[in-house]
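A closer look at the structure
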Amino acid sequence: MLTAACFLALMTAPPDSIGRDSLKRHLLNEVVVTATRTERPMGALPMPVTLIGREQIRQMGSLRLNDVLQEQTGLAITHDHGQGLQVQGFGPEYTLILLDGEPLVGRTAGTLELGRLAVGNIKQIEIVKGPSSSLYGSEAMAGVVNIITENPARTRATLAARYGANRTSDLTGDVSLWQGKIGLYAFGNRYQSAGYDLTPETFGQTVSPFQNYTFSGRLTAELSSRLKLSLSGRFFGERQDNTLEIAPGVAVAGPGRVTDRNLNPVLTHRLTDAWKITYRYYSTFYRTETSLAYTDRGQVYDESFFRQTFNRPEIQVDHRLSEKHLLTLGGGWIAESVEATRYTDRRSFTSRYGFFQYEWMPTGRWDVILGGRYDAHSQYAAQFSPKASARYELGKTLAVRGSTGVGFKAPDFRQLYLNFDNGVVGYSVFGTQELAASLERLQRQGQIAEVLSDPAAFGNLRAESSVAYNLGLTADFDRRYNLPVTASLNVFRNDIRDLIETRAVALKTNGQSVFSYTNLNRVFTQGAELEATYRLTLGAGRLNVQSGYQFLTAKDKTVARQVARGEVFRRDRIDGPPATLVTTRVSPRDYGGLFNRSRHMANLKLFYELPEKGFSVNLRGIYRGRYGFADRNGNVILDADNEYVQGYTLWNLAVSKTLKSFTLQTGVDNLTGHTDPQYIPNLAGRLWYASLRWAFEGASKSINP
């Protein structure tokens, strides 16, 4: 509704008020690489893609990746073992996060902490919604976020410092050099916060103090007119000082450390104008270490570690058969391993894969893409993930696009090999490959009161899979009507099968449970996204208006059928007054679907610039509708009002003034100071900041792609 209202209001503006500005270079014509693994104009792609450029990231005043993504249409930041990303109703474990086309590892319970990524070296962020397993394999069921970092394309340097609420400081610098055929780019960032406390009446802080460092660099060399080498690397290190109360009057404290590093050499060989071969190698290492000791006597309470490695050589061949036919072929091999306190032994996976993509442009109006990928994994059955998509231009203004594809997500190390006994609460969680032996151990120790399910039924975990459909319409009113308005509508449906869920296997004598993982449910997500942009001259400046809205439904098919048949019941508020304990039948209208999914989300962003004055200001609003948090009436599904987190709106404001080489920026995130300590602890309240940035620009140097 917000987008539609904004769109209609803007459409009524008199044509003579609409100016032609430097933003004429439409976003639709920006080049992206993630959707097809080749450089393609975004507006010509047959699948939904969002592009966020460097300049918009700077204007927003964002520091970390989660700050940027939370303001995009159809994306929600979830708070479960870190800040993860939800796309088209899928949880964080179903979206692949890439850094320059290579996957980041180090997920906790499926969530990759987006706060690990600084944004100071980002050139652009590309978001492809819908299954991309046909090109990228597992974890790309919901889509792909590809973070493209800077290249040494010119000689320049920047240095920026920022200070704000919660004693948060950020120091960022980068330098880009080019000499002859050699280019060098280096980036460094230090980010620190004193944390904050939303519940001062309880022990400890909501978020403990932390500091982290990011260093990255890229060396490029044009070895010949047809041969180019790129060598890039990144290091991330973080320390957080934790303090916890594990029992009344008993506290533990100690540091938690995270290390993340990767290396990525790429050799590009353009054999002819029609043939290009790209050789890639990617190696990454992720490690966490936590040490907690009693604060009163210094005795060790808990020490744990987690180490993960990922290595992948890959080759990709691009062949232009003719102006209307493009072919991409590729293949690679993956070796992964983990070692952790909660794993019995070092565990490893290997995988071989091959992929193809054929793009056909029979006429100037048609663009058809067919592709597929075959993955042969050492631990589960081989997967083939096909995808087909097409785009047709109805005229100069409208184009229709559609895609369908199969996605999959392989069982992860946790679901296969986790071996964890919680010494504080008393429950246990075992991966399917550890379940039988671990359950037998607990039985010998007399800890099992009742076995609920046969452990043998948990042995063969299958990969989750989905079939997705996306159908959309795009409109660019500039080409025909000289009206700087773009709009897009995308309708989507995802059917997921063999969803891996946590399930109780046995009851322990202490009243707690033993959990493992199994393929259970069939789930669907469906909805629609509407986006619109409008650019106009306003006074001596220019105004860019962006807005978006998503409607989403996400449900368990089995539960929906049971509710429709009247087979599901609930008791009235067993956890709070008025506790009548009256049992009633759950109606289809009561069933709210999957937890942590908002039916309605929207955003509105206003960017105003006075280029001649070096002044800019922007106001961005984000609305997230209510969403389910947890079951409170004992029937395990979302069906009561007190099981929801209330919806909220955040407003962020930033103002910048550039004077020669210096830019002063100040702003406030979460202007209204909205907080929800119980359900959204990562929402810190009103945050002010001020920053100063110095930039030096030298001569640019064109680089062959």
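Being a predicted model, the structure only gives us computed values, none of them experimental.

1. Re a nonpolar patch on the surface
A cluster of nonpolar side chains, namely Leu159, Leu171, Phe662, Leu664, Leu692, Trp694 and Phe696, defines an oily patch on the protein surface of about 670 Å² accessible area. Among the secondary structure elements, those contributing two or more residues to the nonpolar patch are strand E37 (662-669) and strand E38 (687-700). Relative to the assigned elements, Leu159 resides in strand E10 (residues 154-164). Here Leu159 falls in the partly exposed class, since its relative accessible area comes to 47%.

2. Description of the environment of Ala475
Tracing the backbone through its elements, the reader meets Ala475 in strand E26 (residues 464-476). Expressed as a C-alpha distance, the spacing of Ala475 and Glu434, which sit 41 residues apart in the sequence, is 54 Å. Other than its neighbours up to four places away in sequence, Ala475 contacts Thr397, Leu398, Val485, Thr486 and Ala487.

3. Section: the sheet that holds strand E6 (residues 95-99)
Taking strand neighbours across the sheet as the criterion, the 5 strands line up as E3-E8-E9-E6-E7 in an open arrangement whose pairing is mixed. A single partner strand is all that each edge strand has here, and the edge strands are strand E3 (49-53) and strand E7 (102-103).

4. Remarks on the environment of Gln211
Tracing the chain through its elements places Gln211 in strand E13 (residues 210-222). Counting along the chain gives 345 residues from Gln211 to Asp556, while the straight-line C-alpha distance between them is 41 Å. Reaching out from Gln211, the side chain makes a polar contact with the side chain of Arg190 at a distance of 3.4 Å.

5. Topic: the packing of aromatic side chains
Using the criterion set out here, one finds 17 aromatic pairs in the structure. On the numbers, 6.3 Å between centres and 45° between planes, the contact of Phe349 with Tyr417 is tilted. Here Tyr417 lies in helix H5 (residues 413-417) and Phe349 lies in strand E19 (residues 347-360), a separation of 68 residues in the sequence. Just as Phe349 is buried, Tyr417 falls in that class too.

6. Regarding helix H6 (residues 435-444)
Within H6, burial applies to Leu435, Ser438, Leu439 and Leu442. Down the axis, H6 shows its buried residues gathered within 100° of arc, on one side only. Facing away from the buried surface of H6 by more than 90 degrees, the exposed residues are Ala437 and Arg444. Directly beyond the C-terminal end of H6, a positive phi value near 75° is found at Gly446.

7. Comments concerning the pairing of E10
Along a regular strand, successive side chains alternate from one face of the sheet to the other. Taken together, the 9 bridges between E10 and strand E11 (residues 168-179) define a ladder with antiparallel strand orientation. Note that in E11 the partner of Tyr163 across the bridge is Ser169.

8. What about the confidence of the model for the protein?
For the protein, the average pLDDT comes to 89, and 93% of its residues sit at 70 or higher. Here helix H1 (residues 2-11) is the element of the protein with the lowest mean pLDDT, 43, and E37 is the one with the highest, 98. For the stretch residues 1-25, pLDDT sits under 50, and the model shows 42 contacts to residues farther than four places along the chain or on other chains.

9. Describing the pattern of salt bridges
A full pass over the atoms with the stated rule returns 35 salt bridges. For Glu139, the salt bridge goes to Arg107, with nearest N and O atoms at 3.6 Å. Here Arg107 lies in the loop between E7 and strand E8 (122-129) and Glu139 lies in the loop between helix H4 (133-136) and strand E9 (143-149), a separation of 32 residues in the sequence. Exposure remark for Glu139: the relative accessible area of 24% places this residue in the partly exposed category. Among the residues examined, Arg107 registers a relative accessible area of 18% and is labelled buried. Across the pair Arg444 and Glu440 runs a salt bridge, and its minimum N-O distance is 3.5 Å.

10. Structural notes on the nonpolar core
Counting 59 residues, the largest nonpolar core has Leu69, Leu85, Ile125 and Tyr343 as the members making the most contacts within it. The biggest single contributor to this core is E6, with 4 residues. Residues within four places of Leu85 in sequence aside, it is in contact with Leu69, Leu75, Ala76, Ile77, Thr78, Phe90, Gly91, Pro92, Thr95, Leu114 and Val145. Ranked by size, the runner-up nonpolar core spans 11 residues in total, among them Tyr534, Val545, Tyr608 and Leu610.

Rules used in this analysis
- Residues numbered from 1 in each chain as written.
- Predicted model: local features only at pLDDT ≥ 70, side-chain atom pairs only at ≥ 80, totals over all residues.
- Heavy atoms only, no water.
- Patch = residues over 30% accessible without salt bridge, like charges linked within 9 Å, V, L, I, M, F, W, Y side chains within 5 Å.
- Areas by Shrake-Rupley, 256 points an atom, 1.4 Å probe, with all protein chains shown as cover.
- Salt bridge = Lys/Arg side-chain N within 4 Å of Asp/Glu carboxyl O.
- Helix = DSSP H or I, 4+ residues; strand = E, 2+ residues; numbered from the N terminus.
- Buried < 20%, exposed > 50% of the residue type's maximum accessible area, 1.4 Å probe, protein only.
- Contact = heavy atoms within 4.5 Å.
- Pairing = 2+ DSSP bridges.
- Polar contact = N/O pair within 3.5 Å; in protein donor to acceptor, adjacent residues only side chain to side chain.
- Phe/Tyr/Trp six-rings, centres within 6.5 Å; stacked < 30°, edge-to-face > 60°.
- Arc of directions from axis to C-beta.
- pLDDT = per-residue confidence, 0-100.
- Core = buried A, V, L, I, M, F, W, Y, C linked by side-chain atoms within 4.5 Å.

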